[in-house]
Structure formats: C-alpha cells, structure tokens
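Results of the structural survey
What follows is the residue order along each chain.
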Amino acid sequence: MKKLPSPKTVAEIAALLGGAAVGDDKAVITGVAEVSSATASDVASFHNMKYVEQAKASLAGCLLVPEAAKDAPCAAKAKVVVADPQASFAVLLGLIDGARRSAAAKGGVSPKASIHPDAKLGAGVSVGDFSVIERGAVIGDGTTISAQCYVGEDVKVGKNCLLHPRVVVRHECELGDAVTLHPGVVIGGDGFGFTTDRKTGRHTKIPQIGNVVVGSGVEIGANATIDRATLGSTVIEPGAQIDNLVQVAHNVRIGAGAVLVSQVGVAGSTVVGRGAVLAGQAGIAGHLTIGDGAVITAQTGVMADVPAKAVLFGSPGRPHREAFKLQALYGRLPELVERLKEIEKKLGIGDKKDAAA
Amino acid sequence: MKKLPSPKTVAEIAALLGGAAVGDDKAVITGVAEVSSATASDVASFHNMKYVEQAKASLAGCLLVPEAAKDAPCAAKAKVVVADPQASFAVLLGLIDGARRSAAAKGGVSPKASIHPDAKLGAGVSVGDFSVIERGAVIGDGTTISAQCYVGEDVKVGKNCLLHPRVVVRHECELGDAVTLHPGVVIGGDGFGFTTDRKTGRHTKIPQIGNVVVGSGVEIGANATIDRATLGSTVIEPGAQIDNLVQVAHNVRIGAGAVLVSQVGVAGSTVVGRGAVLAGQAGIAGHLTIGDGAVITAQTGVMADVPAKAVLFGSPGRPHREAFKLQALYGRLPELVERLKEIEKKLGIGDKKDAAA
Amino acid sequence: MKKLPSPKTVAEIAALLGGAAVGDDKAVITGVAEVSSATASDVASFHNMKYVEQAKASLAGCLLVPEAAKDAPCAAKAKVVVADPQASFAVLLGLIDGARRSAAAKGGVSPKASIHPDAKLGAGVSVGDFSVIERGAVIGDGTTISAQCYVGEDVKVGKNCLLHPRVVVRHECELGDAVTLHPGVVIGGDGFGFTTDRKTGRHTKIPQIGNVVVGSGVEIGANATIDRATLGSTVIEPGAQIDNLVQVAHNVRIGAGAVLVSQVGVAGSTVVGRGAVLAGQAGIAGHLTIGDGAVITAQTGVMADVPAKAVLFGSPGRPHREAFKLQALYGRLPELVERLKEIEKKLGIGDKKDAAA
C-alpha cells in the first residue's frame, strides 16, 4: 500500500477518473494497493482476468472495474466503473509518483556537478552530483539530469526530460522532449563497424561519426544501449518504448510507438515499423524492414523482411499460424514415426529401420 | 598462481579443511593454482572429471581430491582428501580474497562522496569517492559502498553488504544483509508498464511506485537489472544467485536459493520457485509460476507454468525427455522422408512429390 | 553529412586512398555522406550490393566504388575506384573522428578526478572528471580515461587506450595497447562461481581471485561484461571485437581476431578460436572449444565442441547445411503428414488417426 497525497472519497475518485461510482461513494480512500492486498481504505484495480478470483475476494474499499465487470460479485465496498481500469489506476499512481518527482526536480544544479561554461542549461534544469555536461551541450527547460550522468559535447536534450542516475549520452546525440532514460542507458556508443583484411583476418575500425536521435516521449530502460550511426543517425521515433538491456545497433530506425521488450536486439540498418512490438529476447538481423504493427514474439529470430501487421514466431521466425501448426506437428513426431513403422510392417519393408526408430 | 597470505604445510591445509593428508604432509605450500599450471609449491583442486588427464599430470605440490579419487595415480606430491574439493578450494581462495576485501573496507567514508545529512550510516561503513547517498537512506553496519554508487532516498541497506563501484539502488528499495552487487547493477529501475490507446496507439506510462526487496546473501552480477514493482515489491528471496546482464521485471518473485545464469530474462509478475535454476539466456514469460527446484535449460523459452522439479528444454520449452526425443527425431527427418518415398514408390503413388522431396 | 576537416578534390581523395579517379577529378568535396543523402559536395561509398539502386541514383559528387562497379551507370559526378570501398571510406571518416578524439585527449588530468598517489600515469595521459584510479594502477602513455571511470588497484592499462565514460576495470586486470572500452563496460566482475550444499541447497561463494587480460587492439561495446577468472585469467586475445551487452564468463579465452556480436554469451572456461564469429544472441555452454574460424550464427546455442571453420545454426546448433535442410523439412511437415494419410487411406489403416491429423 502507498498513501495518496491526500485522502479522497470514492465519489471524488470517480470524478477524477471520469467514471461512475457504484456502492458506498462516501467511503474515504487513503491509499492505493494491489487487488490481493488492498484493505478497506485502499483503491485497487481489476483489469487482468487472470486474477478474477483475487478480485472477487478483494477487501479493497474501492475497486476500479471495466464496464463488463460492473455487476460482478465482489467483496469491495465500492466500485468505480471506468473505460480502462489500468489507465485510470495509472492516474492514481501518478498522483503519488508526481509528488516525489517534483521534489527531486527542485534540486537545482549541484555545485558538485561539472558543467562546461559553454554548455547551456534552460530554465528549471536540475543537475545532480558528479554529473558531467560537456562543451556545447544544450539542456531544455525543466529537464532533470540526475547524479553521475554524462552528457557529451554538443548534445541536445529537449524539455522536461528525465535522465536517471548514471546515464551516458555521448557527443552530438539529440533527445526530444519528455524523454526518460533509466540508469545505465548508453546513447551513442560507437556502432559495431570494422573492415576485415581477407588475408590477415585483421580488423580495422570504421569510425562511427553519426549520432543518435531520440524522439519525444521515448522511454528507455536500464542498461539499454543505442549505438550511434556510422554516418547519419540512428533514430528512435517519438513515443517508442524500450525496455531494459535492449540493443539497438547503428543506423537502425525504430518507428513511432514501437515497443521493444527486454533483451531484444536489432542489428544494423534495420527499420522497425511504427507500432511494431518486439517481444523479449527477440533478435532482428541487419538491413531488414519490419512492417508497421508487426509483432515479433519472444525469442523469435528474424532473418527476412516482415510485412506490416504480420505476427512472427520461432527461430527462424515464421508467420505465427504456420509456426504454431508446425510446433504441433513437431510434438507429434513420435506418433508419425509409429504410423510410418506400421505402414512399413504392413508392406513388409523397413525391417532394418525398425530398430532405429 | 596467487600467494597465500602465509605458507602452510600439507598437514596444516588438511587440518584447515577437515580433510585427510596423503603423501608428504610436511611439504610447504605457498600458493594456490589451477591444476594445469600448479607447481610444487602450489595447492590445486581436482573436482571436474572433464579434466582428469590434467589432474594425472599435475605437478602440484598438493592436490585436493574427493574420496573417490583418493587412490588415483597422480603426479602431485601430496593429496588432501576432502568431501567437496571445490568447496574446500573456495576456503583457500577466501584466505587470499579476504585480505584484499578487508583492506578495501577500511577506507571509511570518502570526503569526495556526497552524503545527505539525513542519511544514516552504521558502524564501520565505507563509502567510496563520488558515491551519492540520498536523504533518508540507511546503511547497515559493516557495509561497503564502493566508488561512484548511487543510493536513493529512503533506501535500506543491511549489514555487511558489498556494493561494487557504480551500482545504482533507486529510492525506497531494500537490501538484506551480506548482499553483493556487482558493477553496473541497477536495482529499482521503473517496471516496463504503460497503457496503449487502441485508437491512436499512443502509450501512457503507468507510474511504477513499488520497490525492490533483495534478501540476505543474494549476489547479483554486473549490469543486471531488477525493476521496481508497479505497486508492492519485486522480491529476490534470500540466497538467490543472479549472474551478469540478467533482467528481472516488475513484480517478479525469485525464490530463495534460485540461480539465474547470465542473460536470463524473467517477465513481469512471474514467480520463480525456491532453488529453481534458469540457465543462460532462458526467457520466462509474464504471470507464470515456475515450481520449486525446476530447471530451465539454456535458451529455453517458457510460456506456461512449470511444475516443481520439472526440467524444460527448447523454445517453446517442453519437458526435457520429450524435448530430447523430439530433437532426435527432428534430426532424422531426412531419413523419415526417404522412408515415406520408398513406401510411395512401392504403392505407386506420390510421383509428383518425389521431385520436391 | 559531416564536414571533412578541409575540402579535397576528387584527385586528392584518390591519391589519399590509393585509388583511381574516374570523371571530374577536379570537383571539390567538402563532406562525407551516405549514398542515399549525399549531394554534389559529398563523397559516399558504394559497397553493399543491397543498395545498388541507391548507388545508381546517388547525387554524390564522388562515389567510392570497387573495381567490379567501375563502369556501372551512376549519377555521381566522379568515382574513385578502390580495392575496398568500405575500408577507404573508413579512412575518410577517420579524418573527421580523429580531429574530435585528439581534442578530447588534450584534456589532461582533471583536478576533479581521484587519483591515488601510488598510481602511475604515463606521458600524455588524460583522466576525466570524477574518475577514480586506485593504488598501484599503471596507465600507459597516451591513454585517455574519460569521465566517471573506475580503475581498480594494481590494474595495468597499456598505451593509447581509450576508456569511454563510466567504464569499470576492477583490481589486477590488464589491458594491452590501443584497447577501446565503451561506456558501461565492466572488466573483472566476479565470475559466477559457488558451491551448493546438496542437503540444504545453500550456495557458498567461490572467491574469484583471478583477473582479466585484454589484448592489444581489442574493442569492447557498451555495457558488455567480462568476468575475472576464479584463478588465472579470463583472456581476450589481441584484435578481438566484442559488441554491446556481451557476456564473457570466468576463465574463458576469446581467440585473436574473434568477433562477438551483441548479446552473445560465453559460459565459463570455454575457448573460442582465433577469428571465430559468434553472431548476435548466440550462446555457448561452458567448458567447450570452438575451433578457429568457426561461425556460430545468430541465436544459435552451442552445447558441444565445434570444429575449426564449422558453421553452426539452430538451438541446439547443428552444422548449417544439415540445419538448413532440417528447417526446410520442418516447414514441410504438413505435407508429409498429408502424404502419410494418403498412404494409410490406400492401405485401409489409420482411420482413427485421420481425425487428429
């Protein structure tokens, strides 16, 4: 349970969320909690049918529910019916999180940071202890650079960004507005590029002199790495959501609103379409195009272009209906071999193979 | 070879390890070494049968061996027979490592660290250069915070923990006693949570206001990331061992003594049982339960609950006996097709398909 | 487009690269650009046949081409024919990158760094803000330690190395000359070693007292982790190229010139041969030998030794010709089942199975 900044009645919560209160709308709610642990003074959200039994037994004072669950039996004293309980619950969580974030943002510029005199900081910028901001960097209004960050030469950071502790943005990279980078993110490491002498096998580095351009509203998870382009830009379009430990190689373009789940890797020069979803540990080879809205399931390996809205599964990835059918047949291989043996027996062939099968 | 803090006879080593000396127990040992490179003044350990030939040829002055290898021919001048040579060898390595660690821990609190006046440091706490400890953080007795770490607001760190350089523990997270975090670990990054507007495809962040609770005796490898819960706690139970670059998502629970090998990913709200082993690069989908003592082999993808003590293999994962049989049959597909063609020939059918097969 | 440090004629570029100018060799080139976006004042490179249409339509003032494309129709005003356009283009990129790097290297030793009096810095060494260099560390001539790095006790760093911001090299590890480490790299984290009590399931750490030895010319990508050996050394031989988020476990040896693409994992004590290529997300089990020049394709899992020059594909990995054939047959499983059913029909057997198939 986490306390709300101030107590609210169920009616006030309904009004805040644009929902309809059902039951005791004068009950006072002081905190938010998970369905399974909420008490009479908490509001919780029911949005995942997997946990319907928990919802039924919930002791929450108030439960956010979708229209479809309006009349479901439920131990909660009151319900608030909303279009999207998860989104509404996020609004309540934001009340709590916002208080902390605005406190953190009031820190101003730490005297323990190292800021080059030729860097430009906008109004209301915070810079934490031991952060380094190099010559020519420009930081937009209202942006928070937490402790121990590194912002390289000529980097441009937009407004209202949040760089958590220990983020690195190397020279000349650009972030839009309201970008969030989690601890350990590296923006603008060199792309993995070299030429190899065919005779000696010796590798020679190809200098990587491009940059990374991160669009507005992008969030990038802890220890993810986005490499700078050889020349030109690696681009993360606005609104893309990137999880922890993801690798985006040089000259890649990630489409607006695309979702890259943890440990995904995208190789060089590939274009990922708008709204595409790459699930956990998926890998995309280089120089490919993944269509808008395509879904690459977890651990899938993609070695060819993918049409828009296609759903791929497997390594190598195939369209999911085909892939699921093949997986089912794969599981039936022992049966198929038995049938083959039966046929051979009937025909009087294949004696030698029987032993091996 | 690494020198022991002080020379020891074989008899002294046997006494220290509770083992039985065989051969020249007055020989003086000054260092520890690997079986393959040990010399007459070194003690080495033989515990991996893969390297039995190396053991036979070892020039070590003293070899730790299990009871089963007591009488094996061996060039070493002396043996010490112990129950678990690897564990006994670890004791000797600890003599060397302990000397360095206790020296490092004597550093005290660096004047170059930034420690909020409202943080509380226990007795014997060390804090390295350029580390930041925020308001309300509490650090237990005997804990070492190395250089360049970030310990957020209201974080609780237990006793005798070791945070290597450049660890981040974000606000409100909690570490038990004797927790070891390697460089680059991020505890408490935001969980990957957002809602998506079905019409516009626009994502809205779900604030992640829970925390991470790490149990006593847990060790977490370099650049691993453990996300904070949306609400409530992501929990790593006592004694779990987590390797480098592992991802643990929000609201996950990792059972006591579980082992997560490098590059494993565990998606949101999944529960991993006590003593379970997730081998390298395995991926576990969200909202699942992995039973106690289950083994998920390397690169396996888990998309459904796993019973206790089950062993899974493959992507998607199947019980390993079934999976191994299927892999074997898969490898025999060319033969099975040949058999099919032979039958078709005998029956006078399938002419057209022969070309394609 | 990025500007060259100074304008050059096509003839000058040809001379610099040892190539032959074709067309207007007096044209003045002021920048480098990608084929698709180059203008009349830019030089671009054509080396990937995938982009041949872009090359034909390129408005570049000068295009670097291989001998084979000497006479290809092309909108560029001039061509320079070279043996390896990509390598030659790298030379031009290096003119631009070199200017920035030499400026960065002139920073000297920051007064905001923390350098132990018993550390030794060679001539021309730079150390950035908030870096820590511990007792006994030795830094070779001309090496740049960027901001926020940690160099542990008794570490040896060679000449002309470049440690990007926020690199950690733990105690006693050694780097050769001209080693490049990208942000977030951790050299010398503890190997993942412990013994487990069979009765209690309790794990006991095996102290990791070896080190990591990185050869000359090695480059390691952002947030990659190279663990120290239990005893002895984890070795990265000269010239190996390691991409972002790669995991190299304790006591591994990576051969000279080997290439490890992003998110590869190599488990303990494995030996990877010279010039071997491990493609993205491949995983290699422990205690194996991967032969010289072997190629492990993306996402492949290796569970047995691999001969020199073998090419493996799949999880578990198989020789690629076999693996590709098996994948093709796998895709034809529905057809094979149909053929089986046809035979059964003809023979009047298998009625019950028809429904299931």
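The shown structure was predicted, so the numbers you read here are calculated from the model rather than taken from an experiment.

The next point concerns the interface of chain A and chain C. Between chain A and chain C, the residue contacts involve 73 residues of the former and 60 residues of the latter. Among the residues of chain A in contact with chain C, Phe192(A), Leu231(A) and Arg339(A) are the three that bury the most area, contributing 14% of the side total. Applying the counting rule to chain A against chain C returns three salt bridges. Glu219(C) is the partner of Lys205(A) in a salt bridge, and the nearest nitrogen-oxygen pair spans 2.6 Å. The tally of links between chain A and chain C comes to 31 residue pairs in polar contact (both at pLDDT 80 or more). Elements with a minimum of two residues in the side of chain A that touches chain C: strand 19 (186–189), strand 20 (194–196), strand 21 (203–205), strand 24 (225–227), helix 4 (320–331) and helix 5 (333–347) of chain A. Among the elements that line the side of chain A that touches chain C, the one with the most residues is helix 5 of chain A, at nine residues. Residues that form the side of chain A that touches chain C fall into these classes: 32 nonpolar, 25 polar and 16 charged.

Now for the interface of chain B and chain A. Across the contact, 73 residues belong to chain B and 60 residues belong to chain A. At the boundary of chain B with chain A, total buried surface from both sides reaches about 5,300 Å², with 59% on carbon and sulfur atoms. Of all residues in chain B, Phe192(B), Leu231(B) and Arg339(B) give up the largest surface area on contact with chain A, accounting jointly for 14% of the area buried on that side. Linking chain B with chain A are three salt bridges, by the criterion used here. One salt bridge in this structure joins Glu172(B) and Lys2(A), with 2.3 Å as the shortest N-O distance. Counting every contact that joins chain B to chain A gives 31 residue pairs in polar contact (both at pLDDT 80 or more).

In this arrangement, two copies of a chain are superimposed by a rotation about an axis accompanied by a shift along the axis. Relative to chain C, chain A is turned by 120° and slid 0.0 Å along the rotation axis, the superposed coordinates differing by an RMSD of 0.0 Å. Here the symmetry operator amounts to a three-fold rotation axis.

What follows is about the sheet that holds strand 3 (residues 28–32) of chain A. Residues and elements named next belong to chain A. What the six strands build is an open sheet, ordered 1-3-4-5-6-2; its pairing is mixed. Whereas interior strands pair on both sides, the edge strands pair on one side only; in this sheet they are strand 1 (2–9) and strand 2 (20–23). Taking each pair of neighbouring strands and ignoring which way they run, the sheet shows an average axis angle of 30°. The sheet contact formed by strand 4 (residues 42–45) and strand 5 (residues 62–65) spans three bridges and is parallel. Looking at strand 5, one finds that Ala44 is bridged to Leu63. Relative to strand 1, helix 1 (residues 10–17) is tilted by about 100°, and along the sheet it contacts strand 1, strand 2, strand 3, strand 4, strand 5 and strand 6 (78–81).

Of all the positions in helix 1 (residues 10–17) of chain B, only Val10(B), Ile13(B), Ala14(B) and Leu17(B) are classed as buried. Down the axis of helix 1 of chain B, the buried side of the element spans an arc of 100°, and every buried residue falls inside it.

Time to look at the packing of aromatic side chains. Ring pairs (aromatic) are described by centroid distance and by the angle formed between their planes. Taken as a whole and judged by the stated rule, the model has twelve aromatic pairs over all chains. Between the aromatic rings of Phe130(B) and Phe130(C), the centroid separation amounts to 5.4 Å while the plane-to-plane angle is 65°, which identifies the pairing as edge-to-face. In this pair, Phe130(B) sits in the loop between strand 9 (126–127) and strand 10 (132–133) while Phe130(C) sits in the loop between strand 9 (126–127) and strand 10 (132–133), so the two residues belong to two different chains. Plain terms: the ring middles of Tyr330(B) and Tyr330(C) are 6.0 Å apart, the flat faces sit at 80° to each other, and that makes the pair edge-to-face. Of the two residues, Tyr330(B) sits in helix 4 (residues 320–331) while Tyr330(C) sits in helix 4 (residues 320–331), which places them in two different chains. The pair Tyr330(B) / Tyr330(C) is uniform in exposure class, with both members buried. Here the aromatic residues Phe130(A), Phe130(B) and Phe130(C) are joined through ring pairs into a cluster of three or more.

Right, let's talk about the environment of Asp154(C) for a bit. By the element assignment, Asp154(C) lies in the loop between strand 13 (150–151) and strand 14 (156–157). A sequence separation of 16 residues divides Asp154(C) from Arg170(C), and the C-alpha atoms of the two residues are 8.9 Å apart. Setting aside residues no more than four positions away along its own chain, Asp154(C) makes contact with Arg100(B), Arg135(C), Gly136(C), Ala137(C), Glu172(C) and Cys173(C).

The subject of this paragraph is the packing of helix 5 (residues 333–347) of chain B against helix 5 (residues 333–347) of chain C. Each pair of packed helices can be described by the angle between their axes along with the distance between the axes. Relative orientation of the contacting elements helix 5 of chain B and helix 5 of chain C amounts to 35°, with a least axis distance of 11 Å. Handedness of the helix 5 of chain B/helix 5 of chain C crossing: left-handed. Between helix 5 of chain B and helix 5 of chain C, the residues in contact are Leu333(B), Val337(B), Leu340(B), Lys341(B), Ile343(B), Glu344(B) and Leu347(B) and Leu333(C), Leu336(C), Arg339(C), Leu340(C), Ile343(C), Lys346(C) and Leu347(C), respectively. Class assignment for the residues of the contact of helix 5 of chain B with helix 5 of chain C results in ten nonpolar, no polar and four charged.

Turning to the sheet that holds strand 5 (residues 62–66) of chain B, a few remarks are in order. Residues and elements named next belong to chain B. Read across the sheet, six strands follow the order 1-3-4-5-6-2 without closing on themselves; strand pairing throughout is mixed. In the strand order of this sheet, the two ends are held by strand 1 (2–9) and strand 2 (20–23), each with one partner. This sheet shows a mean twist of 30° between the axes of neighbouring strands, independent of strand direction. Two elements, strand 1 and strand 3 (residues 28–32), share four bridges in a ladder whose sense is antiparallel. Opposite Lys8, over in strand 3, you have Ile29 as the bridge partner. Across the sheet, helix 1 lies against strand 1, strand 2, strand 3, strand 4 (42–45), strand 5 and strand 6 (78–82), angled at about 100° from strand 1, the strand it touches most.

Another point: the pairing of strand 6 of chain A. Residues and elements named next belong to chain A. Burial along strand 6 is two-sided: Ala78 and Val80 and Lys79 and Val81, pointing in opposite directions, are all buried. With four bridges joining them, strand 2 and strand 6 adopt antiparallel strand pairing. Counted as the bridge partner of Val22 is Lys79 from strand 6. Judged from the four bridges that link them, strand 5 and strand 6 form a sheet pairing that is parallel. Bridge pairing links Leu63 to Lys79 in strand 6.

Calculation notes
Residues numbered from 1 in each chain as written. Chains lettered and ligands numbered in written order. Predicted model: local features only at pLDDT ≥ 70, side-chain atom pairs only at ≥ 80, totals over all residues. Heavy atoms only, no water. Contact = heavy atoms within 4.5 Å. Buried area = accessible area lost by both parts, 1.4 Å probe. Salt bridge = Lys/Arg side-chain N within 4 Å of Asp/Glu carboxyl O. Polar contact = N/O pair within 3.5 Å; in protein donor to acceptor, adjacent residues only side chain to side chain. Helix = DSSP H or I, 4+ residues; strand = E, 2+ residues; numbered from the N terminus. Nonpolar A, V, L, I, M, F, W, Y, C, P; charged D, E, K, R; others polar. Least-squares fit on C-alpha atoms with pLDDT ≥ 70 in both. Pairing = 2+ DSSP bridges. Axes fitted to C-alpha atoms, helices over the stretch in contact; angles between N-to-C directions. Buried < 20%, exposed > 50% of the residue type's maximum accessible area, 1.4 Å probe, protein only. Arc of directions from axis to C-beta. Phe/Tyr/Trp six-rings, centres within 6.5 Å; stacked < 30°, edge-to-face > 60°. Left-handed = near helix turned anticlockwise from the far one by under 90°.

On their own, these measurements won't tell you what the molecule is for.
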